[in-house]
Amino acid sequence: KYVMVKNLSRSTTFKTVEDEFSRCGSLEEIVRPTNATYAHLTYFKKKDAVNCVSKYNGMKIDGHKVSVEFTCGKLSKAIWVGNLPPNTSSESFINKLFREYGTITWVVPQQYGAVVYFDTTENAKNAMNAANNMTIDGFQLCSSFARDYSSQANEARAKTRHVFITDSRSIDIGREGLLHQLSPIASIDQILVFPRSNAIYIQCRGLDDVDQVLHYI
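In short, a report on the structure. For every chain, the first residue of the written sequence is number 1, and numbering continues from 1 onward in sequence order. Whole-chain, interface and lining totals are the exception, using all residues; otherwise, since this is a predicted model, local features are given only for residues with pLDDT of at least 70 and side-chain atom pairs are given and counted only at 80 or more. In computing side-chain values, all of the structure's heavy atoms are included and hydrogens and water are not.

### Some words on the overall build of the protein chain
The test is simple: Helix and strand labels come from DSSP, where a helix needs a run of H or I of at least four residues and a strand needs a run of E of at least two; each type is numbered from the N terminus. Throughout, exposure labels follow a simple rule: accessible area from a 1.4 Å probe, protein chains only, divided by the maximum for the residue type, with under 20% read as buried, over 50% as exposed, and the rest as partly exposed. Note on contacts: a residue pair qualifies if any of its non-hydrogen atoms lie within 4.5 Å across the two residues. Each accessible area value is a Shrake-Rupley result obtained with a 1.4 Å probe; residue values ignore everything except the protein chains displayed when judging cover.
Per the secondary structure count, the protein chain includes seven helices and 15 strands. Counting the 217 residues in the protein chain, one finds 47% classified as buried. Here the analysis covers contacts within the protein chain between residues at least 6 apart in sequence; of these, 65% occur between residues at least 24 apart. Carbon and sulfur atoms provide 46% of the accessible area of the protein chain, an area that totals close to 11000 Å².

### Regarding the pairing of strand E9 (residues 113-118)
The line we're drawing: A pair of strands is considered paired only if DSSP assigns at least 2 bridges between the two.
E9 sits mainly inside the fold: six of its six residues count as buried. The two faces of E9 match: Gly113, Val115 and Tyr117 on one face and Ala114, Val116 and Phe118 on the other face are all buried. Two strands pair when backbone bridges link them, and strand E7 (residues 78-82) and E9 are joined in this way by five bridges, in the antiparallel orientation. Along E9, the bridge assignment pairs tryptophan 80 with valine 115.

### Topic: unusual backbone geometry
Leaving glycine aside, a negative phi is the common case for residues, and trans is the common case for peptide bonds. Not every positive phi belongs to a glycine, and aspartate 62 is a case in point at roughly 55°. Inspection of the secondary structure puts aspartate 62 in the loop between strand E4 (60-61) and strand E5 (64-65). Residue aspartate 62 is classed as partly exposed on the basis of its relative accessible area of 45%. The backbone phi angle of aspartate 137 is positive, close to 50°, even though this residue is not glycine.

### Some words on helix H4 (residues 121-131)
Keep this limit in mind: Think of it as the arc spanned by the lines of direction from the helix axis to the C-beta atoms.
Here H4 has its buried residues at Asn123, Ala124, Ala127, Met128, Ala130 and Ala131. One side of H4 holds all its buried residues, which, seen down the axis, span an arc of 165°. Structurally, H4 contributes buried residues whose contacts are with E7, helix H3 (91-98), E9, strand E11 (139-140) and strand E12 (142-146).

### Section: the pairing of E12
The buried fraction of E12 is high, at five of five residues. Looking at chain direction, E7 and E12 are connected through five bridges and run antiparallel. Bridging across to E12, glycine 82 finds its partner in cysteine 142.

### Here's the deal with the nonpolar core
What counts, and what does not: By convention a nonpolar core is built from buried Ala, Val, Leu, Ile, Met, Phe, Trp, Tyr and Cys residues, the set being connected through side-chain atoms within 4.5 Å.
Counting 20 residues, the largest nonpolar core has Ile79, Phe98, Val116 and Phe118 as the members making the most contacts within it. At five residues, the largest contribution of residues to this core is made by H4. Each residue touching valine 116, except ones within four places of it in the same chain, is listed here: Lys77, Ala78, Ile79, Val81, Ile94, Ile104, Trp106 and Val107. Grouped together as the second largest cluster of nonpolar side chains are 18 residues, Ala39, Cys52, Val53 and Tyr56 included.

### Quick notes on the environment of isoleucine 61
Within the secondary structure, isoleucine 61 sits in strand E4. Apart from residues lying up to four places away in sequence, isoleucine 61 is in contact with Thr12, Thr16, Glu20, Phe21, Tyr56 and Val66.

### Some words on the sheet that holds strand E1 (residues 2-6)
Heads up, the rule is: An axis is simply a line fitted to the C-alpha atoms; with a helix, the fit covers only the stretch in contact. Between two such axes, the angle follows the N-to-C directions and lies from 0 to 180 degrees.
Spatial ordering of the open sheet is given by E2-E3-E1-E6, a layout of four strands whose pairing is antiparallel. Every interior strand has two partners, whereas the edge strands, strand E2 (27-31) and strand E6 (67-70), have only one. Each strand of the sheet is rotated relative to its neighbour by a mean of 20°, with strand direction disregarded. Direction of pairing for E2 relative to strand E3 (residues 39-43): antiparallel, over a ladder of four bridges. Bridging from a neighbouring strand, glutamate 29 pairs with threonine 42 of E3. Those strands touched by helix H1 (residues 14-21) are E1, E2, E3 and E6, and its axis lies near 150° from that of E2. Contacting E1, E3 and E6, helix H2 (residues 46-56) crosses the sheet at an angle of about 150° to E6.

In short, shape yes, function no, at least from these values alone.
What follows is the structure, encoded as structure tokens:
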């Protein structure tokens, strides 16, 4: 029943968000920081959240094509942080910003945001709460729990040679499409797609295959 709306216009008002998305069902909570390009929605019923994602993903609101997806509402070691100012989503910046809240094990940078993994759920919760009260260069951050893909990623690292990419084009192609394109040029053991983290792990059989994949990507 938890939904994330991305790419909202900064001029879109709280009331517009409320009016638009309440058409899908009763909303328990709306979190929309001032001037943020994101909003967190919580519906009372799961079916209403499903209807929201189906109806609004890809639609235009105030001239902006929005992305609407399910998000994680339960405790997790991973948090999503959004509405970061331009050029501040690098791994080094994120580490500096959140290191006081606990050990950071993995950072996945995104455009104007990042997924940050901590060693414990408690540390992740503290960082998330802090992020929701942070303002950087006039940008009010917003944060929520994210799905924890770290165990799958660690398994991918351990099995064989791997390539890690964060590329929206590759995400859009999907696992089967990417496998179809890469198979003629490299031996691929497995492809893991992590949509929430906007990341892909490609397991290659050897170093030559890694080189081919990197060259293609």
